[in-house]
Amino acid sequence: DARVTQTPRHKVTEMGQEVTMRCQPILGHNTVFWYRQTMMQGLELLAYFRNRAPLDDSGMPKDRFSAEMPDATLATLKIQPSEPRDSAVYFCASGTNPNYGYTFGSGTRLTVV
Amino acid sequence: SQKIEQNSEALNIQEGKTATLTCNYTNYSPAYLQWYRQDPGRGPVFLLLIRENEKEKRKERLKVTFDTTLKQSLFHITASQPADSATYLCALGRDSGNTPLVFGKGTRLSVIA
């Protein structure tokens, strides 16, 4: 089965450090999403791309977060500087047609201390 | 503002019974609604999609209904099994394209043998 691959699976970092999360979407999927999941807020959209072009990043704190797709096989989410409130699980998802749903990666669990 | 509510955080049922989960929404006109399953430490997995002009959809032991007048979807698992224990998320899509989903916070289902 095709999978969305996210790295790293876990990341513990100190406040103020830069964090980079990576996602390899499924080959052929033209839409890529970044979501963040917390107990309090559930899944929240941070950004999404279609054919590598950013379409919406209004869910991201722009002063510290940035999302890019340097090529069709890689999406990145960076946080600089990181803060304890950024602690969450970050999911990447990709898809082509909502009829088939979106495929999520296993997530990156980020802890900022 | 848009709001999606899933009826309860947790639901416990006896094996063999039918589990019914509820998803209500306000201030939103979705083109479709999806249901996902999420296991601990994993990303959500797509189960079913139902469109605004459909009343009911079935897939094996799963049944989803969608009432746009009540702004509600019901998700049923018949002949439930302990392996069905997971968190179930509803998600709304606003048009037929690959646009971001808005998720509910989920209902954690426990099927007791």
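Provided above is the structure to which this section pertains.
Cut-off values and rules
- Residues numbered from 1 in each chain as written.
- Chains lettered and ligands numbered in written order.
- Predicted model: local features only at pLDDT ≥ 70, side-chain atom pairs only at ≥ 80, totals over all residues.
- Heavy atoms only, no water.
- Disulfide = S-S within 2.5 Å.
- Helix = DSSP H or I, 4+ residues; strand = E, 2+ residues; numbered from the N terminus.
- Buried < 20%, exposed > 50% of the residue type's maximum accessible area, 1.4 Å probe, protein only.
- Pairing = 2+ DSSP bridges.
- Axes fitted to C-alpha atoms, helices over the stretch in contact; angles between N-to-C directions.

Chemist: If you had to explain the state of the cysteines to someone new, which residues and values would you point to?
Modeler: Residues and elements named next belong to chain A. In this structure the tally under the stated criterion is 2 disulfides over all chains. Disulfide pairing places cysteine 23 opposite cysteine 92 at an S-S distance of 1.9 Å. Residues cysteine 23 and cysteine 92 are joined by a disulfide whose S-S torsion is about -60 degrees; by sign, that bridge is left-handed. With cysteine 23 in strand S3 (residues 19-24) and cysteine 92 in strand S9 (residues 88-95), the pair connects residues that are 69 residues apart, well separated along the chain. On the accessibility criterion, cysteine 92 (0% relative accessible area) is buried.

Chemist: Residues and numbers for the sheet that holds strand S1 (residues 3-6) of chain B, please.
Modeler: Residues and elements named next belong to chain B. Judged by pairing direction, the sheet is antiparallel, and its 5 strands sit side by side in the order S1-S3-S8-S7-S6 without closing on themselves. Lying at the two open borders of the sheet, with one neighbouring strand each, are S1 and strand S6 (56-59). Across this sheet, the average inter-strand angle for adjacent strands is 15 degrees, counted without regard to direction. With 6 bridges connecting them, strand S3 (residues 19-26) and strand S8 (residues 72-77) associate as antiparallel partners. Across the sheet, residue threonine 20 finds its bridge partner in S8, namely histidine 76.

Chemist: Kindly report on the sheet that holds strand S7 (residues 65-71) of chain A, identifying the contributing residues and their values.
Modeler: All names here are of chain A. One open sheet holds the 4 strands; their spatial order is S1-S3-S8-S7, and the pairing between them is antiparallel. With one partner strand each, in any of the chains shown, strand S1 (5-7) and S7 form the two edges of the open sheet. Looking at each pair of strands side by side, their axes are set apart by 20 degrees on average, direction ignored. Sheet topology note: the S7/strand S8 (residues 74-79) ladder contains 5 bridges and is antiparallel.

In short, geometric facts, not functional conclusions.
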